[in-house]
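# Per-entry structural report
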Amino acid sequence: QVQLVESGGGLVQAGGSLRLSCAASGRTFSRYAMGWCRQAPGKEREFVATINWSGGITYYADSVRGRFTISRDNAKNTVYLQMNSLKSEDTAVYYCAAALDNAHGSWRPNEYDYWGQGTQVTVSS
């Protein structure tokens, strides 16, 4: 079992920044990949970013590449999502997720085994 708790969401103006955090517990954090996905009202959950077990490999959705940065601190069992140059279309509930059987990361939401409760990000235009 893995427990994931997100924090850092909120209301921000377009062009602003937010940093999301996700604290993990329950399994050896450094052995599995992590990811962030988001879900806007009336839309399906979509991939945002993923990071491999060591933090050395990252991958982003086209819609956020160059604006968002995923990172992890294995000593703190935490993954982060730094979001810059936010746009109104980034408004969504953001979820962190753990892929226990994939240490390299995945852009497919259905390959993640555990999910956090989500944190709301609202970007006002």
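For the structure itself, consult the block above.
Here the structure is a predicted model, which means the values were calculated and not measured.

### Here's the deal with the state of the cysteines
Summed over the entire model, instances satisfying the criterion amount to one disulfide. Of the cysteine sulfurs around Cys37, a residue in no disulfide, the closest is that of Cys96, at 9.8 Å.

### Regarding the nonpolar core
Judged by nonpolar contacts, the single largest core of 31 residues is most densely connected at Met34, Trp36, Leu81, Met83 and Tyr94. Residue assignment for this core shows that the elements contributing at least two residues are β3 (18–25), β4 (33–39), β5 (46–51), β7 (68–73), β8 (78–83), β9 (92–99) and β11 (119–124).

### Details of the sheet that holds β7
One open sheet accounts for four strands, arranged β1-β3-β8-β7; its pairing is antiparallel. Edge positions in the sheet fall to β1 (3–7) and β7, since each of these pairs with one other strand and no more. For this sheet, the mean inter-axis angle between neighbouring strands, taken without regard to orientation, is 15 degrees. Strand direction decides the pairing type here: β3 and β8, joined by six bridges, are antiparallel.

### Details of the pattern of salt bridges
Tallied over the full model, the rule gives five salt bridges. Across the pair Asp62 and Arg65 runs a salt bridge, and its minimum N-O distance is 2.5 Å. Residue classification places Asp62 among the exposed positions, given a relative accessible area of 64%. A relative accessible area of 40% places Arg65 in the partly exposed class. Where Arg67 meets Asp90, a salt bridge forms, and the shortest distance between an N and an O atom there is 2.7 Å. On the criterion of sequence distance, the pair formed by Arg67 in the loop between β6 (58–60) and β7 and Asp90 in the loop between β8 and β9 is long-range, its members being 23 residues apart. Note on Asp90: relative accessible area 1%, which makes it buried. Residues joined by salt bridges that share partners form a network here, namely Arg38, Glu46, Arg67 and Asp90.

How each quantity is defined
- Each chain carries its own residue numbering, running from 1 in the direction its sequence is written.
- Local features in a predicted model are, by the rule used here, given only for residues with pLDDT of at least 70; side-chain atom pairs are given and counted only at 80 or more, and totals for whole chains, interfaces and linings are based on all residues.
- Computation of side-chain values covers all heavy atoms of the structure but excludes hydrogens and water.
- Throughout, a disulfide means two cysteine sulfur atoms within 2.5 Å of one another.
- Here, nonpolar core refers to any group of buried Ala, Val, Leu, Ile, Met, Phe, Trp, Tyr and Cys residues whose side-chain atoms link them within 4.5 Å.
- In this scheme, a residue with accessible area under 20% of its type's maximum is buried, one over 50% is exposed, and one in between is partly exposed, where area comes from a 1.4 Å probe on protein chains only.
- Each helix is a run of H or I in the DSSP string that is no shorter than four residues. Each strand is a run of E no shorter than two, and both are numbered from the N terminus.
- Whether two strands pair comes down to DSSP finding at least two bridges between them.
- Helix axes are fitted only over the stretch in contact, all axes being lines through C-alpha atoms; the angle between N-to-C directions runs from 0 to 180 degrees.
- A pair is scored as a salt bridge if a Lys or Arg side-chain nitrogen falls within 4 Å of a carboxyl oxygen belonging to Asp or Glu.

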